[in-house]
Amino acid sequence: MTRAAESKTIVLVRHAEAAAAPPGGQDAERALTEQGQERAEDFGRWLRAHGMGCDEVITSPAARARQTVEAIACGGCSEAEVQVERRLYEGEVDDVLQVLRESTPDAELVLVVGHAPTVPAAVSLLADGEGADAAHEALSLGFPPGAAAVLRYQGQWSDLSFGAASLEDFRTP
């Protein structure tokens, strides 16, 4: 089997529910709520139950995104070392695509935690209507904090483009 024929999994997550910034506080410092923490842990358990171990985890530097990754790990999906990627905070959809293209070539599952509206837009553009009807229908209802999209892609990370993946599952908290 050639590397181009290998199946890849992309899990794009919007950070879990976060508290509002305190007066004078910075947006990047917003922390998860207790409910956000619990729901992110539940998602980690779901990943583990479905045999989805992470080969690579990439997160925005915002506190709420890093805490989402930590909670997912506490739930049982803790195999990968976490990379903090500045482009995922206040970045554009093309930044998400580029981050994925730079994934380790032999990684089979890459989990990315970022923010709205960038993560939801990236999911829509990567799948471009392809995949499970139920997942697309759920996605059309919105992408709340803590929601996650599971996409499949055939090929090398460096060749990933919009429209090249299929949306296989969409989970909301």
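Data block above holds the structure.
Residues numbered from 1 in each chain as written. Predicted model: local features only at pLDDT ≥ 70, side-chain atom pairs only at ≥ 80, totals over all residues. Heavy atoms only, no water.

Trainee: Describe helix α1 (residues 34-49), listing the residues and the values that go with them.
Mentor: Between the first and last C-alpha of α1 there are 23 Å, a value that for 16 residues agrees with the 22 Å anticipated at 1.5 Å per step. Looking at the buried side of α1, the elements it contacts are β1 (7-14), α2 (63-74), β4 (109-114), β5 (148-154) and β6 (165-171). (Helix = DSSP H or I, 4+ residues; strand = E, 2+ residues; numbered from the N terminus. Expected span 1.5 Å × (residues − 1). Contact = heavy atoms within 4.5 Å.)

Trainee: Go over the environment of T68 with me, naming the residues and quoting the values.
Mentor: You can see T68 is positioned in helix α2. The class of T68 is buried, set by a relative accessible area of 1%. When the C-alpha atoms of T68 and G44 are compared, they prove to be 9.7 Å apart, with 24 residues separating the residues in sequence. Residues within four places of T68 in sequence aside, it is in contact with V13, H15, A16, L32, A40 and V113. Side-chain polar atoms of T68 contact the backbone oxygen of R64, separated by 2.7 Å. (Buried < 20%, exposed > 50% of the residue type's maximum accessible area, 1.4 Å probe, protein only. Polar contact = N/O pair within 3.5 Å; in protein donor to acceptor, adjacent residues only side chain to side chain.)

Trainee: Just give me the short version of the packing of α1 against α2, but keep the residues and values in it.
Mentor: Remark: α1 packs on α2, axes separated minimally by 6 Å, with the N-to-C direction vectors making an angle of 50°. Considering the angle they form, α1 stands oblique to α2. As for how α1 packs across α2, the hand of that crossing is right-handed. Residue-level inspection shows Q37, A40, E41, F43, G44 and L47 of α1 in contact with α2, the latter providing Q67, T68, A71, I72 and C74. Grouping the constituent residues of the contact of α1 with α2 by class yields six nonpolar, four polar and one charged. (Axes fitted to C-alpha atoms, helices over the stretch in contact; angles between N-to-C directions. Parallel < 35°, antiparallel > 145°, perpendicular 65-115°, else oblique. Left-handed = near helix turned anticlockwise from the far one by under 90°. Nonpolar A, V, L, I, M, F, W, Y, C, P; charged D, E, K, R; others polar.)

Trainee: An account of the packing of aromatic side chains is needed here, citing residue identities and associated values.
Mentor: One pass over the structure, following the stated rule, counts three aromatic pairs. Judged by centre distance (4.9 Å) and plane angle (65°), the rings of F143 and F170 are edge-to-face. Residue F143 is found in the loop between α5 (133-140) and β5, and its partner F170 is found in strand β6; the two are separated by 27 residues along the sequence. Taken individually, F143 and F170 each receive the classification buried, so the pair is uniform in this respect. (Phe/Tyr/Trp six-rings, centres within 6.5 Å; stacked < 30°, edge-to-face > 60°.)

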